[in-house]
Amino acid sequence: MGRPADRLKEKISVLGAQKPSAPAPAEPLVRGPGRIEWIALGVTLLWLAMVAGFWFFAPGVASTASLFNTVSLLVGMALPIAMIWIAAVTARASREMRAEAAALKHSVEAMRMAWLNQQALRNDQNVEKKLEEIAAVTRQAETTIATFASRRDTQASQPSADRKAALVAPPPARADDSEPMLALGTPAEELRSPISVADFVRALNFPDSPDDADGFRALRRALEDRATAKLLRSAQDVLNLLAQDGIYMDDLKPDRARPELWRRFAQGERGREIASLGGIRDRSSLALTAGRMRGDTIFRDAAHHFLRQFDRTFAEFEKNASDQEIAELAETRTARAFMLLGRVTGSFD
């Protein structure tokens, strides 16, 4: 089941897809003689026929012809014809004006519809921006809640992340190991202070840029620890191989999982509830990674080696870490690569 923000985005996209229908196109202007002109021509011919019949068949008209009568007759013949064609021209002009008015109305309606569609698109973009802000605030709130939900141990106090060891100290080495020995048979590694939680988490995120002095310092510090160095090298190999397909961890926005789910995973629990740890939802990244797993043997071996190293190291980290520190580790690039590969390989099932 998706989040409420995702469901709201889907509803907005559906509403945005339902655009108002465009207005019907206006009727085109009629060019050439139309029905009005043909009617006027027919009435004119009828009038001329009536005048000709009156001229030839009326008694005494031709014999009494004079200048005044001729002029009167011509005026009587031409005036109705002029009136007929004036009416025809007026009717045609009126029809053209109505057609132009309809075309202008259609253009204005099309402009209005385009403006409405543009406004709807802007509103959708504004709503999506607001949803992204809400999602960011939600993630920040979840982190804050995880801070207050840190587990209460029986110990009276816990050292800070800069001083607390990230991993459980390994058992002392045997006397017959090939490690260089100091006085009293103490290996050199045991004299080195364990890596702190803060440096461990910062190292798993890798430096952000060549100017990230703190990131490189934490990375060098983490590489001095044998178990952490194995995890970092395997994570670096996987990240480089994923980058060849254009998959970068900074582009992924995984769903947050509660620290208690990470603890249950570290303690060996698997199943549907634990599957929410694979919070990567980017379909293209999942598809490219799955295809690479099937077709690239080197990538498949590197991915499985990385998953084993992360699983083993995180199981030790969970014993010393608080909920807040687990939440911070889940935001690192190494943890995101683990979520992506774990979901593709079904490690959480």
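One can find the structure itself at the top, above this paragraph.
Parameters at a glance
- Residues numbered from 1 in each chain as written.
- Predicted model: local features only at pLDDT ≥ 70, side-chain atom pairs only at ≥ 80, totals over all residues.
- Heavy atoms only, no water.
- Helix = DSSP H or I, 4+ residues; strand = E, 2+ residues; numbered from the N terminus.
- Buried < 20%, exposed > 50% of the residue type's maximum accessible area, 1.4 Å probe, protein only.
- Contact = heavy atoms within 4.5 Å.
- Expected span 1.5 Å × (residues − 1).
- Polar contact = N/O pair within 3.5 Å; in protein donor to acceptor, adjacent residues only side chain to side chain.
- Phe/Tyr/Trp six-rings, centres within 6.5 Å; stacked < 30°, edge-to-face > 60°.
- Salt bridge = Lys/Arg side-chain N within 4 Å of Asp/Glu carboxyl O.
- Axes fitted to C-alpha atoms, helices over the stretch in contact; angles between N-to-C directions.
- Left-handed = near helix turned anticlockwise from the far one by under 90°.
- Nonpolar A, V, L, I, M, F, W, Y, C, P; charged D, E, K, R; others polar.
- Patch = residues over 30% accessible without salt bridge, like charges linked within 9 Å, V, L, I, M, F, W, Y side chains within 5 Å.
- Areas by Shrake-Rupley, 256 points an atom, 1.4 Å probe, with all protein chains shown as cover.
- Parallel < 35°, antiparallel > 145°, perpendicular 65-115°, else oblique.

Chemist: Help me understand the overall build of the protein chain, please; the structure alone is not making it clear to me.
Modeler: Counting its secondary structure elements, the protein chain contains twelve helices and zero strands. For the protein chain, the α and β elements follow one another from N to C terminus as α-α-α-α-α-α-α-α-α-α-α-α. Looking at the protein chain residue by residue over its 349 residues, the buried ones come to 30%. In the protein chain, once contacts between residues fewer than 6 apart in sequence are set aside, the share between residues at least 24 apart is 79%.

Chemist: Honestly, helix H7 (residues 226-243) in this entry has me stumped. Any pointers?
Modeler: With 18 residues, H7 should cover 26 Å at 1.5 Å per step; its first-to-last C-alpha distance of 26 Å lies within 8% of that length. For H7, the full list of buried residues reads Thr228, Ala229, Leu231, Leu232, Ser234, Ala235, Val238, Leu239, Leu241 and Leu242. Structurally, the start of H7 carries an N-cap: the backbone nitrogen of Ala227 is 3.3 Å from a side-chain oxygen of Asp225.

Chemist: Would you explain the packing of aromatic side chains in this entry?
Modeler: On inspection of all chains with the given rule, the structure shows eight aromatic pairs. The interplanar angle of 25 degrees and the centroid separation of 5.1 Å between the aromatic rings of Phe200 and Phe317 together place this pair among those described as stacked. Separated by 117 residues along the polypeptide, Phe200 in helix H5 (residues 197-205) and Phe317 in helix H10 (residues 297-320) bring together distant segments of the chain. Across this residue pair, the class does not change: Phe200 and Phe317 are buried. On the numbers, 5.4 Å between centres and 65 degrees between planes, the contact of Trp262 with Phe314 is edge-to-face. One end of the pair, Trp262, is in helix H8 (residues 259-266); the other, Phe314, is in helix H10, with 52 residues separating them in the sequence.

Chemist: Just to check I follow, could you spell out the pattern of salt bridges for this structure?
Modeler: Pairing of side chains with opposite charge becomes possible as their charged atoms draw close. Enumeration according to the criterion identifies 19 salt bridges in this entry. Between Arg92 and Glu37 there is a salt bridge, and its shortest N-O distance comes to 3.1 Å. Taken as a pair, Arg92 in helix H3 (residues 67-148) and Glu37 in helix H2 (residues 35-57) lie far apart in primary sequence, 55 residues in all. The burial state of Arg92 is the same as that of Glu37; both residues are buried. Across the pair Glu331 and Arg256 runs a salt bridge whose closest N-O atoms are separated by 3.2 Å. Within this pair, whereas Glu331 is found in the loop between helix H11 (323-329) and helix H12 (333-345), its partner Arg256 is found in the loop between H7 and H8, the two being separated by 75 residues in sequence. Each of Glu37, Arg92 and Glu96 takes part in a single network of salt bridges with overlapping partners.

Chemist: What's the story with the environment of Ile326 in this structure? I'm lost.
Modeler: Within the secondary structure, Ile326 is located in helix H11. With a relative accessible area of 0%, Ile326 lands in the buried category. Residues Ile326 and Val197 lie 129 residues apart in sequence; the distance between their C-alpha atoms is 9.9 Å. If we skip the residues at most four places from it in the chain, Ile326 touches Pro259, Trp262, Arg263, Phe314, Phe317, Glu318 and Ala321.

Chemist: Whenever I open this one, the packing of H10 against H12 confuses me. Can you help?
Modeler: At their nearest, the axes of H10 and H12 sit 10 Å apart, and the two run at 115 degrees to each other. Handedness of the H10/H12 crossing: left-handed. Across the interface between the two elements, Phe299, Ala303, His304, Phe306, Leu307 and Phe310 of H10 pack against Thr334, Ala335, Ala337, Phe338, Leu341, Gly342 and Thr345 of H12. Partitioning the contact of H10 with H12 into residue classes produces nine nonpolar, four polar and no charged.

Chemist: Would you mind showing me how to read a nonpolar patch on the surface here?
Modeler: Taken together, Trp38, Leu41, Leu45, Leu48 and Trp85 make up a surface patch of nonpolar side chains, about 490 Å² in accessible area. With four residues, H2 is the single largest residue contributor to the nonpolar patch. Inspection of the secondary structure puts Trp38 in helix H2.

Chemist: Quick question: what am I supposed to make of the packing of helix H9 (residues 283-295) against H10 here?
Modeler: Axis angle and axis distance: for two packed helices, these are the angle between their axes and the distance between the axes, and together they describe the pair. Running from N to C, H9 and H10 cross one another at 110 degrees; their axes reach a closest spacing of 6 Å. Relative to H10, the element H9 is oriented roughly perpendicular. Along the contact surface, H9 presents Thr289, Arg292, Met293, Arg294 and Gly295, while H10 presents Thr297, Phe299, Arg300, Ala303 and His304. When its residues are assigned to classes, the contact of H9 with H10 shows three nonpolar, four polar and three charged.

These values are about where atoms sit, not about what they do.
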